[in-house]
Amino acid sequence: MFDTNRKYEPLPVQDEEDISVSSPPPTRRSFRSWSLTACLVTLIAASIVISVHPAFLFSNEDEASSIYTDLSGEALKQCAALQPPPADPPAPINIWSSLTVHETTSVQAWLEAPERALNLTRTSVSKLSDNVIFMIELYYPPKADALAYLESPETVSPPERYARVTIHHGSVPVIRDYLVGPLPIGGKTTTMEPLTEIYHREDIPFHAAGYATGSELSTMISTFAPLYEEAFWELFGGVAKGLPNDTLNAGASAPFSFDGSFRRMWLNWKRNVAGPWLHPVDFFQYVDMSGTDPSLWKVLKVVYNHQVFNSTEDFLSAFKNGTLVRIPDRPDDKADYSWTTRKRVGAQRDLDHLPGPRSVSFAGLRFRVDRARQYISWMGWSMYLGFDRDMGLSLWNIAFKGSRIIYQLAPQEAIAQYGGNDPMQTTTAWLDRFFGMGGSVRDMLPGYDCPHEAVYLPATTFSSTGSVIRKRAICIFEQDTGKPITRHTGYMEGEFGAVKGYVLTVRSISTFDYTFQLDGTIEVRISASGYLQGGYWEPRQEGYGGRIRDTTMGNLHDHVINFKVDFDIDGLENSLLQTTTAQEKVEQPWFDDDWGKTVLQQKITKKYIENEDDALLKYPANFQGGYSIVNSASKNAWGYPRGYAIHPGFSPIHNTVVGSKRLLNNANWARYNLAVSRRKETEPTSSCMWNMNLPGKPMVDFHKFFDGESLVQEDLVAWINVGMHHLPQAEDSPNTKTNLATSSFLLTPLNYFDYDVSMESSNAIVLGIPKDASQPFTYDDYGVKQDFTCIPAAPLPFEYSFVETFDADGELVRPSLEEMRKSAEWHHRIKVEL
């Protein structure tokens, strides 16, 4: 039963005895002498991947145990419960954790008090001309304070905790950011100060604002939609009357403004069916929503079938007098629209009625989690997690083998710039931070978004109406990659063997994957899936995308996503090293005349990039070289500076179109593959939520980070891009696929160690060479029982629920389905509300 009286309760601190730890059986060092064939059979039998046919399910544990036996004939036991062992964070407080519901409600109450004189209105009952709280979230502490606490948590107090508060002052109108704290709220110690030092403009223009209620756009289209009722029905067989069975809705393009002096956007109309983005009807309106008085908003242009009308009246006149050139009937205008649903199609494939393989950690999970503090450790790796409204999951104080490698690893911004031959596509340049990628995260689908045995962690974000908790916002799991991280076949003693390739993945949706490997490598990968922003296909669209249906196309566009990597390689003082390779011609006295006296070969050149102005970078041609962050004062045993290299992964792109007014200066970082700047507290992010609507004069201008400062042994930040040039094709229907819509970069040790540290793994094997070919191979598996097997528990039945939503007072509420859809889809689906 849904308890409407339930209040938010903080997650209790994890207690070690409350966690069931899966303990593997004792191991012993063994040096066995079995045949290699027998070894392979054993390894296959003990594989961590199992397949279960429905016919081989048992009603109880005893029945299963009486049938399943190990190689010795003994009945197998039930596996231990898959709970992660408790972790031991270096500091007892996660200073980057999101504000709790209690913290946000206490901040809101303090702001609403009469003595603040802010004249605030609750968002749920507000108008644009009211003063409303748009956002309350954690403001991350200064790095120096954070490190002082982490290094001596017993003697140094944690940094003071502050909330960043964004208020839409509709009465002015203007937007302002504030710092409120320290938290917890109490007495005369709480202060409220303007937050301006992180921006390149003083005031935030009101026309750059996000939507506080989610109803602003519906209010706008509802004022003029009735005027088009007859045209919608006659031209498209559609209805937009504010009824539950409306067959048309609208979507809006962006940016809405150039410099904040106006708010205007193109609307495109679509059929209100599953996947409406793939059902445009070739009807567009350019609307003015400037100011806070909806009665002054108006339609500036109407475009239909490439005909431009300067007002609603002009369009309706042409529609009624017969001069409007109408779109010819198209085959799918009255067709079955089910092709854009996610329902299975086609004949079932052979054996596809069986569930596929799944991963099982028979001996128990090998990573540690502190749920309350959101701290993870695995095979020498450790990190804290953070989560915010703008970009979601971030990783903090990432350490390997006891040393911090990265202070902060976090997504910064994601752009999508489109092209086409219609008003919507050709003017669209999304910056997703505006919408709140973290705020848009929903719970994972267990067994689909993450493996069955993944461990889930919650995330809390603030919306303008209250707080939202997602219980499965983050998942953590270890997997066998199916290939060794190192191996070699040889015939000398000690050179034949392999190390198993295990990785730990920390994931959030949209699919940001942070994958940690045994050798000290981190892979950052983003994989996208979803509906295209479809256009209306007709021959004049040729060259701007791909036709995927009779009247639908996918439009050409670029995705570029920016990440911040705050390196700390053996301390704060680091440098930027450029490595290149080039061809050279050499002559040596030992060359003979058979080949001539010269040889062509390649040679490495290294140099330090010493100035920020030279650190806006693209990868070298043919990827001949690259960039790394090193500590030139810290050398490994062989005399090289210890560092981490930045390697391009899959699809290492930058933005194609440079100079467009719609991305003039608000996403300058996207012009490069990476950039490196000197770290400053006043430059915490490469973008901000208002940048999308301020391309001419952004709040954060990335190029202004680069002002000639030295990069020699300073605290450095790398800003690294991933992305894809998306040329849509038929196979993007109904959704793009994560196997192709993916991009990554890798951070790998560069002389950071004296040897390959993955050789420390006990999950490895070394084969002994027999004296002659008739003898079996011996092997050493370091006492790790790769053949250990037990009966795993069945996965929990699939269950999925809505997120938990709390109002501004901390009361648990249940929004309607329409309210949840509106908050999730924003101006991608605008419904008439009368």
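Our structure is the block above this text.
It should be emphasised that the depicted structure is a prediction, and the values quoted were computed from it without experimental measurement.

Draft legend 1. Just helix α3 (residues 101-112), in detail. Here α3 contains 12 residues, and its C-alpha end-to-end distance of 16 Å stays within 8% of the 16 Å for a straight helix at 1.5 Å per residue. Those residues of α3 not exposed but buried are Val101, Glu103, Thr104, Thr105, Val107, Gln108, Trp110 and Leu111.

Draft legend 2. Structural context of the state of the cysteines. Inspection of the entire model under this criterion finds two disulfides. Bonded cysteines in the protein are paired 1-4, 2-3 when counted in the order they occur along the chain.

Draft legend 3. Layout of unusual backbone geometry. Each neighbour pair has its own omega, and for Val172 with Pro173 the value is -5°, a cis peptide bond. For the bond from Ala254 to Pro255, the omega torsion is 10°, close enough to zero to count as cis. With respect to the secondary-structure elements, Pro255 resides in the loop between β7 (248-252) and β8 (264-271). Although it is not a glycine, Asp282 adopts a positive phi angle of roughly 65°.

Draft legend 4. Structural view of the sheet that holds strand β27 (residues 545-547). Taken in spatial order, the three strands of this open sheet run β26-β28-β27, and their pairing is antiparallel. Only two strands of the sheet have a single partner each, and these edge strands are β26 (534-536) and β27. Pairwise comparison of adjacent strand axes, ignoring direction, gives a mean angle of 35° for this sheet. Bridge count between β27 and strand β28 (residues 552-555): three bridges; the pairing is antiparallel. Residue pairing across strands places Gly546 opposite Gly554, the latter belonging to β28.

Draft legend 5. Focus on the pairing of strand β30 (residues 575-587). Pairing of β30 with strand β33 (residues 625-635) involves six bridges; the strand directions are antiparallel. Considered in β33, the bridge of Gln578 is made with Tyr627. Sheet topology note: the β30/strand β31 (residues 598-609) ladder contains 12 bridges and is antiparallel. What sits directly across from Thr580, in β31, is Thr605.

Draft legend 6. How the structure looks around the packing of aromatic side chains. Going through the model one piece at a time under the given rule, you end up with 43 aromatic pairs. Their ring planes at 45° and their centres at 6.4 Å tell us that Phe232 and Phe236 sit as a pair that is tilted. Pair noted here: Phe232 and Phe236 are both in helix α6 (residues 229-236), with a separation of four residues, about one helical turn. Residue class for Phe232 comes out buried when judged on its relative accessible area of 2%. In this structure Phe236 comes out as buried when scored by relative accessible area, which is 9%. Summarising the aromatic geometry, the rings of Phe563 and Phe745 are spaced 5.7 Å apart at their centres and angled 70° between planes, so their arrangement reads as edge-to-face.

Rules of the game
All chains use their own residue numbering, which begins from 1 and follows the written sequence. The predicted nature of this model means local features are confined to residues of pLDDT at least 70 and side-chain atom pairs, given and counted, to a pLDDT of 80 or more, with totals for whole chains, interfaces and linings taken over all residues. Hydrogens and water molecules were not included; the side-chain quantities draw on all heavy atoms of the structure. Secondary structure follows DSSP: runs of H or I at least 4 residues long count as helices, runs of E at least 2 residues long count as strands, and numbering of each begins at the N terminus. By this rule the span expected of a helix is its residue count minus one, scaled by 1.5 Å. Burial classes follow relative accessibility: with a 1.4 Å probe on protein chains only, a residue under 20% of its type's maximum area counts as buried, one over 50% as exposed, and anything between as partly exposed. Throughout, disulfides are identified as pairs of cysteine sulfur atoms within 2.5 Å of each other. One requirement defines pairing of two strands: DSSP has to find at least two bridges between them. Where helices are involved, their axes are fitted lines through C-alpha atoms of the stretch in contact, as for all axes, and angles between N-to-C directions lie from 0 to 180°. Any pair of Phe, Tyr and Trp rings, taking the six-membered ring for Trp, is counted once the centres come within 6.5 Å. Such a pair is stacked with planes under 30 degrees apart, edge-to-face with planes over 60 apart, and tilted for the rest.

Worth remembering: the numbers are spatial, not functional.
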